[in-house]
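Structural description and commentary
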Protein chains: 6
Amino acid sequence: MPLPPIDHADATPDVRAVYDDIMATRNVPDVNNFWKMLAHHPATLARTWDSLKEVMAPGALDPLVKEMIFVAVSVTNGCQYCIRSHEAAARKAGMTDAQFGELLAVVGMANETNRLVHGYQVELDERLK
Amino acid sequence: MPLPPIDHADATPDVRAVYDDIMATRNVPDVNNFWKMLAHHPATLARTWDSLKEVMAPGALDPLVKEMIFVAVSVTNGCQYCIRSHEAAARKAGMTDAQFGELLAVVGMANETNRLVHGYQVELDERLK
Amino acid sequence: MPLPPIDHADATPDVRAVYDDIMATRNVPDVNNFWKMLAHHPATLARTWDSLKEVMAPGALDPLVKEMIFVAVSVTNGCQYCIRSHEAAARKAGMTDAQFGELLAVVGMANETNRLVHGYQVELDERLK
Amino acid sequence: MPLPPIDHADATPDVRAVYDDIMATRNVPDVNNFWKMLAHHPATLARTWDSLKEVMAPGALDPLVKEMIFVAVSVTNGCQYCIRSHEAAARKAGMTDAQFGELLAVVGMANETNRLVHGYQVELDERLK
Amino acid sequence: MPLPPIDHADATPDVRAVYDDIMATRNVPDVNNFWKMLAHHPATLARTWDSLKEVMAPGALDPLVKEMIFVAVSVTNGCQYCIRSHEAAARKAGMTDAQFGELLAVVGMANETNRLVHGYQVELDERLK
Amino acid sequence: MPLPPIDHADATPDVRAVYDDIMATRNVPDVNNFWKMLAHHPATLARTWDSLKEVMAPGALDPLVKEMIFVAVSVTNGCQYCIRSHEAAARKAGMTDAQFGELLAVVGMANETNRLVHGYQVELDERLK
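Residues numbered from 1 in each chain as written. Chains lettered and ligands numbered in written order. Predicted model: local features only at pLDDT ≥ 70, side-chain atom pairs only at ≥ 80, totals over all residues. Heavy atoms only, no water.

Within an unreviewed UniProt entry, the label attached to chain A reads Carboxymuconolactone decarboxylase family protein, and the organism entered is Azospirillum griseum.

1. Quick look at the relation of the copies chain D and chain E
Going by this rule: We place the copies in one frame by least squares, fitting the C-alpha atoms of every residue whose pLDDT is at least 70 in both.
Laying chain D over chain E is done by rotating through 120° and shifting 0.0 Å along the axis; what remains is an RMSD of 0.0 Å. Within this description, the copies of the chain are treated as partners about a three-fold rotation axis.

2. A closer look at empty space enclosed by the protein
Applicable threshold: Cavity means a closed set of points on a 1 Å grid over the protein atoms alone, one where a 1.4 Å probe fits but cannot get out, pocket means an open set with protein on both sides within 12 Å along at least 5 of 7 lines, and lining means a residue has an atom within 4 Å of a point. Grid points are joined across faces, edges and corners, and a volume is the space filled by probe spheres set on the points.
In this structure the tally under the stated criterion is six cavities of 30 Å³ or more. The space that makes up the largest cavity amounts to roughly 350 Å³. Lining the largest cavity are 22 residues; nearest its centre among them are N77 of chain A, N77 of chain B, N77 of chain C, N77 of chain E together with N77 of chain F.

3. Here we look at the interface of chain E and chain C
Going by this rule: Whether two residues are in contact is decided by their heavy atoms: any pair within 4.5 Å suffices. In this description, buried area is defined as the sum, over both parts, of the accessible area (probe of 1.4 Å) that is lost when the two are combined. Between Lys or Arg on one side and Asp or Glu on the other, a salt bridge is scored when a side-chain nitrogen of the former is within 4 Å of a carboxyl oxygen of the latter. Two N or O atoms count as a polar contact when they lie within 3.5 Å, although within protein this holds only if one can serve as hydrogen donor and the other as acceptor, and sequence-adjacent residues are included solely when both atoms are side-chain atoms. Numbered from the N terminus, helices here are DSSP runs of H or I no shorter than four residues, and strands are runs of E no shorter than two.
Facing 63 residues of chain E, the contacting portion of chain C comprises 62 residues. Buried area between chain E and chain C, summed over both chains or domains, comes out near 5,600 Å², and the portion from carbon and sulfur atoms is 71%. Here E102 of chain C and K66 of chain E are joined by a salt bridge, their closest N and O atoms 3.0 Å apart. Scanning the region where chain E abuts chain C turns up 26 residue pairs in polar contact (both at pLDDT 80 or more). Those elements that place two or more of their residues in the side of chain E that touches chain C are α2 (33-38), α3 (42-56), α4 (63-77), α5 (80-92) and α6 (97-120) of chain E.

4. Let's talk about the relation of the copies chain E and chain C
When chain E is fitted to chain C, the residual RMSD is 0.0 Å, and the transformation amounts to a turn of 180° plus an axial shift of 0.0 Å. The operation mapping one copy onto its partner corresponds to a two-fold rotation axis. Same-surface contact between copies: 98% of interface residues of chain E are shared with the interface of chain C.

5. Some thoughts on the state of the cysteines
All names here are of chain C. The condition is simple: What counts as a disulfide here is a pair of cysteine sulfur atoms lying within 2.5 Å. Relative accessibility under 20% of the residue-type maximum defines a buried residue, over 50% an exposed one, and the middle range a partly exposed one, all with a 1.4 Å probe and only protein chains included.
Under the counting rule described, the total for this entry stands at six disulfides over all chains. Disulfide pairing places C79 opposite C82 at an S-S distance of 2.1 Å. The S-S bond linking C79 to C82 shows a torsion near 50°; that makes this disulfide right-handed. Accessibility assignment for this pair places C79 and C82 in one class, buried.

Below, the structure written as structure tokens:
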């Protein structure tokens, strides 16, 4: 019952232009289902791609670090699709098994200590104000 | 009505030993309120410190990247104390304003696209299975 | 290993009475698995149905808006079953593809800006206090 | 700018009736701000009180366990007001400092391992299916 | 210790241009602290404003409905600043007390039933697949 | 594409030692997939097992209460694997259907009232400060 993905062949010209830019930018032969679903709302497709392209580009942080941050958020939110696609992107950008293991260890501890802070109702230290 | 922080002077010897190790490891003159609250349950204090010391130590990822991942999780969970203390730790480890800006931009986009994936009920691509 | 859904034919009279009211109220030939699972705790079944019937009834907000709000929460929480069943209810109440697209766009942006607010630790403006 | 709490003296008779039932049931001289805010929507006030009274009553689980479960959820969601009011209720029901410490330790570990499960994308074991 | 808000007078020309567009579009004499914090990363400021302006504009959904969806997400995530600023925006767009009450009632029930679905591990009905 | 679980036969000696301790402590013939996935990062495996063993041991709270708290958190976070494995552990520790029903009822109500508190922006009562 969910909407079907929209393939390149069935897409309108504006959607196809976004797909083409994704494929060219990432040097891949097709776009992921994520984009094929956003295509149901072309304005969201175009805006999301423009934003992601800008945000994930190399800058003060390199692409590997950005992909690991993306994984950290997706794991915290429990978004399976996002975890898998961005783990894949991080590995493509050079993430090793050891780095993935440390990434998840930090994500786990942060989720734990976030709750210890809430639970004990820790007040801000003077020096953090 | 929440429990009060337990200062070094009022701590039991086992708690004090953890405080001393935190101060020595981090080269700081006192421990944060976080630790002074965990001290109400000494087993949690000792275990959490042992775990954090291990997880946040330099390894396959450097401490700055680890602190930024910690911030990413804390921002996603909305834990103010955690954001502030780990933003401070990340800055101490060298994070620039530009890096902080890019970190938050990625965290924002990840939280957005996580929900677009949920909302459109995106199926895993074959290549991600 | 999870509990099995309880069908109408196997239900106790009090559970059956709730099922009958759901089917009559919604003019459907059977109840969803959601209700067939709650039936394992009849007090929860009855209370949840009474509450939902009251809360989702037309009032100051019309049923379509209420279903879209329900979808917004379910997408934020990543509850697949809830997204699908309330997307279906929203479409039955008249939601178009364009409205669904805009709904998800707002949900995505809200999840993003919620985290930008946390990340930058934005203080309340005077006029909002 | 948020709505003001509605005190007993200023409440409509239907709201006052709910307040009176809360005070009688809990044997307290006044109701909390939570109820004084819900009073802005009397249907929500009445329904929420009826539901909470039913759900938190002694049953297969005793009130202390129920309050601790309430705290566990509130800590996970980071709801400060809820944590404080239900920690207070749990202490009134007999919760000791040691029990509170263990409660938070479990909540912390559960939040951590939930993310390790997501991050490693752990498949259900056959025996759990 | 958090970064200070950047006022119009202290902003760079590109930041000032965004502020001016926000003030003109919304017909307000100044921008909120939210924008004054994003100004620390001008690319995020410009992108977020462009996105919000597009997403929140009247379309298939009217601005009031969009603001209520924004509030629903912000309440679910517990973002106080976001709740207050978008509740204000919703009221400006015409939201009545009764509508606000029903909005929160739906948000509450959705958050409850989302967890009942998770807890009972409800399987998708055939008709929802 | 996710990593495969690591069976006992294929595990390194340090991983095997953890598996053996889990099997001995819990008196089970094999470890769950959770542990077989953590084994990809032996430090995380060892630390997580040590922590869980300590935290879930009988203490001021009995194991059944601890497992129910674990379920409450996992339901709130929507972690299916965690719900199922800890529901199983809770049942093994004696949880009845009636207790499970009440547990989920409390979890549902807590998630609802957490959002009513956020939505109405309830201020802390004097007596809770």
